[in-house]
Amino acid sequence: QQPVQSPQAVILREGEDAVINCSSSKALYSVHWYRQKHGEAPVFLMILLKGGEQKGHDKISASFNEKKQQSSLYLTASQLSYSGTYFCGTVKLNFGNEKLTFGTGTRLTIIP
Amino acid sequence: NAGVTQTPKFRILKIGQSMTLQCAQDMNHNYMYWYRQDPGMGLKLIYYSVGAGITDKGEVPNGYNVSRSTTEDFPLRLELAAPSQTSVYFCASSYSRAGDYEQYFGPGTRLTVT
């Protein structure tokens, strides 16, 4: 049960804002966000834990609605370096918290 | 620290051949993972390990085997390669449970089976 991300792709001009959404049909323990540039490995951005704790990037913000099993990643005043594919990963509640299931990704393109 | 290293970076296999993808980490992480990423898709978990001697299946384990004899190393074995195994393979590690800790990824191995 892969989480669903929206939009699938977005193009922004430098300085604009974007919101990327992640939705699961299962009760979640945590939501993770990673960014992957073309031809490279994914890089960690944030973890949002059930109960409100967050760990991660100080220039990117995110939210986790535990009741709706949804998370959103907020990219403000976008920079060229923000380009890449963003993946959310979810960890289901009550399954040992050992496995991360990734979504299909959102491709973000920033143009000057 | 080198972090997570993977070898080889690229490999072409013929159908039916076998190979081992190597993964090592020098961060003393307990948890290690193998993912595959098909073009334009997300990452799918193949196998994971919570410590030396302990492994478990992920979402897509068929056609693969793993072992973990040390904390540092987590090799992935492909037996009887098939074209459906053409993919980019990423190894990752985390200090502890996936739910609580970030994963550090290796640079990947690009495998083509023809």
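Up top is the structure.
All values reported here derive from a predicted model rather than from experimental measurement.

## With respect to the sheet that holds strand S3 (residues 19-25) of chain B
Residue and element names in this part refer to chain B.
Thinking step 1. The sheet built from four strands is open, its strands ordered S1-S3-S8-S7 with antiparallel pairing. The two strands at the open ends of the sheet, each matched to only one other strand, are strand S1 (4-7) and strand S7 (64-66). Between one strand axis and the next, the sheet turns through 20 degrees on average, direction left out of account.
Thinking step 2. Two elements, S1 and S3, share four bridges in a ladder whose sense is antiparallel. Bridge pairing in S3 links Thr5 to Ala24.

## What about the pattern of salt bridges?
All names here are of chain A.
Thinking step 1. On inspection of all chains with the given rule, the structure shows five salt bridges over all chains.
Thinking step 2. Across the salt bridge formed by Glu66 and Lys50, the nearest N and O atoms sit 3.5 Å from each other. Note that Glu66 is positioned in the loop between strand S7 (61-65) and strand S8 (70-75) and Lys50 in the loop between strand S5 (43-49) and strand S6 (54-56), a separation of 16 residues in sequence.
Thinking step 3. The class for Glu66 is partly exposed, based on a relative accessible area of 28%.

## A closer look at the environment of A:Ile47
Thinking step 1. With respect to the helices and strands, the residue A:Ile47 is situated in strand S5.
Thinking step 2. Between the alpha carbons of A:Ile47 and A:Pro7 there is a distance of 20 Å; along the sequence they are 40 residues apart.
Thinking step 3. Those residues in contact with A:Ile47 that sit more than four places away from it in its chain are A:Ser30, A:Val31, A:His32, A:Glu53, A:Gln54, A:Lys55, B:Gly99, B:Asp100, B:Tyr101 and B:Glu102.

## Some thoughts on the environment of B:Val50
Thinking step 1. On the secondary structure map, B:Val50 appears in strand S5 (residues 43-51).
Thinking step 2. By relative accessible area, B:Val50 is classed as partly exposed at 24%.
Thinking step 3. Separated by 18 residues in sequence, B:Val50 and B:Arg68 place their C-alpha atoms 9.5 Å apart.
Thinking step 4. Here B:Val50 is in contact with A:Glu98, B:Asn30, B:Tyr31 and B:Arg68, once residues within four sequence places are set aside.

Parameters and conventions
Residues numbered from 1 in each chain as written. Chains lettered and ligands numbered in written order. Predicted model: local features only at pLDDT ≥ 70, side-chain atom pairs only at ≥ 80, totals over all residues. Heavy atoms only, no water. Pairing = 2+ DSSP bridges. Helix = DSSP H or I, 4+ residues; strand = E, 2+ residues; numbered from the N terminus. Axes fitted to C-alpha atoms, helices over the stretch in contact; angles between N-to-C directions. Salt bridge = Lys/Arg side-chain N within 4 Å of Asp/Glu carboxyl O. Buried < 20%, exposed > 50% of the residue type's maximum accessible area, 1.4 Å probe, protein only. Contact = heavy atoms within 4.5 Å.

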